[in-house]
Amino acid sequence: MGYDDFSNIKEKDFLASGKSDIDRGAVRNYIVDKTNEIRYAVGEGYAINALSGGVDSSVVTMLGHRALGDRLRTYFIDDGLMRENEANYVSSLFYQIGVPIEVVDSKERFFSALRGIEDPEDKRNAFTDCFYKTFGDIVRNNAGPERKLFLLQGTNYTDVEETLAKVKRQHNVLAQLGIDPLKTYGYDVIEPIIDLRKPAVRAVAREIGLPKEVSERIPFPGPGLAARIIGEVTPGRVETVRKATKVVEQELYDLGAFQYLAILHKDNVTGMRDGKRDFGQQIEVRCWDSKDAVTGAPTKVPFEKLTTIADRITREVPGVVSVTYNITKKPPSTIEAV
């Protein structure tokens, strides 16, 4: 699907006036239609599936599982850039649902691909190339002379829209940029929910039977914590922002915000510990009110909650001496930092 094809896609929206007003009949029909589309596209072949644990890829996993059964193999790429214990969490959750997951340890590969890169767009491009090459290896290991494979992925409407508008390169956008995945990486890509924004994806997730911890899970970037590090991505810097992310998500979980996150800045700042100078790292906290990630406003987090977050991060995350809160709307800011 190229640019012209995407420009002809009409965004599907099951939400007439908000989360409580959903045309469930339309959602059920959508699930049936997309299941049939996947089955038709794959034909007698096989498919592999990219699952990250977010609502987009989880919906695609369930659609693919319904359409193909044992002819779908689902993979979780452990790139070293995810939340704490994410691989075990996602594997366990989908095991309970009845969908087997294969975890691929690719940490060294991704950190090598990102080494020395600081420019935000260069980082996203490096991650994207590494992501699809990783699946290219999986395809070669599974394909035979008469066994064509497809990759299912959770590209949504906003991903393509932001990429084509050059707001930021989303990692799951290829053909719409003129990149032929078959020629470049050796397989075709199927994007079942490309006509949905996040609220509609959540409606499908609820209707298809995904648990609330998946259907209502806050967005997490495709490049993982690499999108929340300003400057070079290293294992140590990832661990810093991972620990800060855990604190932020624990403290803001019940606030009802669209998304909340921690960002690690590049420059260090002067702090104090035990009465002495401590030249350390700084974390920026962001929390957003938004319906679809197209626009957003900073959540009015109670000041007492912000001070609790700052106290915990500077106490629990080694090397951090400063915590700030972003109060800029989107636009001109963006939800993620990189």
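Residues numbered from 1 in each chain as written. Predicted model: local features only at pLDDT ≥ 70, side-chain atom pairs only at ≥ 80, totals over all residues. Heavy atoms only, no water.

Draft legend 1. Local environment of helix H2 (residues 24-42). A rise of 1.5 Å per residue sets the reference length of H2, with its 19 residues, at 27 Å; its end C-alpha atoms lie 27 Å apart and thus fit the reference within 8%. Of all the positions in H2, only Val-27, Tyr-30, Ile-31, Lys-34, Thr-35, Ile-38 and Val-42 are classed as buried. Within H2, the buried residues cover an arc of 130 degrees as seen down the axis, which keeps them to one side. Looking at H2, the residues exposed on the side facing more than 90 degrees away from the buried face are Asn-29 and Tyr-40. (Helix = DSSP H or I, 4+ residues; strand = E, 2+ residues; numbered from the N terminus. Expected span 1.5 Å × (residues − 1). Buried < 20%, exposed > 50% of the residue type's maximum accessible area, 1.4 Å probe, protein only. Arc of directions from axis to C-beta.)

Draft legend 2. Representation of the pairing of strand S8 (residues 276-289) in the model. When you tally the buried positions in S8, you get ten out of 14 residues, the bulk of the element. As defined by bridge partners, strand S6 (residues 259-264) adjoins S8 across six bridges and the pair is classed as antiparallel. Looking across to S8, one finds that Tyr-260 is bridged to Cys-287. Summarising the sheet, strand S7 (residues 269-273) and S8 pair through five bridges and their orientation is antiparallel. Directly across from Gly-271, in S8, lies its bridge partner Asp-278. Following S7, the chain reverses through two residues before pairing antiparallel with S8; Asp-274 in that reversal takes a positive phi of roughly 55 degrees. Two elements, S8 and strand S10 (residues 320-325), share five bridges in a ladder whose sense is parallel. Opposite Ile-283, over in S10, you have Val-323 as the bridge partner. The pairing of S8 with strand S9 (residues 297-298) spans two bridges and is antiparallel. Along S9, the bridge assignment pairs Trp-288 with Pro-298. (Pairing = 2+ DSSP bridges.)

Draft legend 3. Focus on the packing of aromatic side chains. Tallying each qualifying case throughout the model produces six aromatic pairs. Site record: aromatic cluster; members linked through ring pairs are Phe-110, Phe-127, Phe-131, Tyr-132, Phe-135 and Tyr-185. (Phe/Tyr/Trp six-rings, centres within 6.5 Å; stacked < 30°, edge-to-face > 60°.)

Draft legend 4. Local environment of the packing of helix H5 (residues 107-114) against helix H6 (residues 120-142). Following both chains from N to C, one finds H5 and H6 inclined at 145 degrees, their axes separated by 9 Å at the closest point. Seen along the crossing, H5 lies across H6 with a hand that is right-handed. Facing Arg-109, Phe-110, Ala-113 and Leu-114 of H5, the residues of H6 in contact are Lys-123, Ala-126, Phe-127, Cys-130, Phe-131, Lys-133, Thr-134 and Asp-137. Of the residues belonging to the contact of H5 with H6, the class tally is seven nonpolar, one polar and four charged. (Axes fitted to C-alpha atoms, helices over the stretch in contact; angles between N-to-C directions. Left-handed = near helix turned anticlockwise from the far one by under 90°. Contact = heavy atoms within 4.5 Å. Nonpolar A, V, L, I, M, F, W, Y, C, P; charged D, E, K, R; others polar.)

Draft legend 5. Here's a closer look at unusual backbone geometry. Cis rather than trans, the peptide bond between Lys-330 and Pro-331 has omega equal to -15 degrees. Residue placement: Pro-331 occurs in the segment after S10. Residue Pro-332 follows Pro-331 across a cis peptide bond; omega there is 10 degrees. The backbone of Asn-85 sits at a positive phi, close to 60 degrees, despite the residue not being glycine. Secondary-structure assignment places Asn-85 in the loop between strand S2 (72-78) and helix H4 (86-97).

Draft legend 6. Broad picture of the pattern of salt bridges. Counted under the stated rule, the structure contains 29 salt bridges. A salt bridge links Arg-24 to Glu-207; its shortest N-O distance comes to 2.8 Å. Linking Arg-24 in helix H2 with Glu-207 in helix H9 (residues 198-208), this pair joins segments that are 183 residues apart in sequence. Overall, the relative accessible area of 47% leaves Arg-24 in the partly exposed class. Here the salt bridges do not stand alone but share partners, grouping Glu-251, Lys-305, Arg-312, Arg-315 and Glu-316 into one network. (Salt bridge = Lys/Arg side-chain N within 4 Å of Asp/Glu carboxyl O.)

Draft legend 7. Fine view of the side chain of Ser-333. With respect to the element layout, Ser-333 can be found in the segment after S10. With residues up to four places along the chain from it excluded, the contact list for Ser-333 reads Arg-286, Trp-288, Asn-326 and Thr-328.

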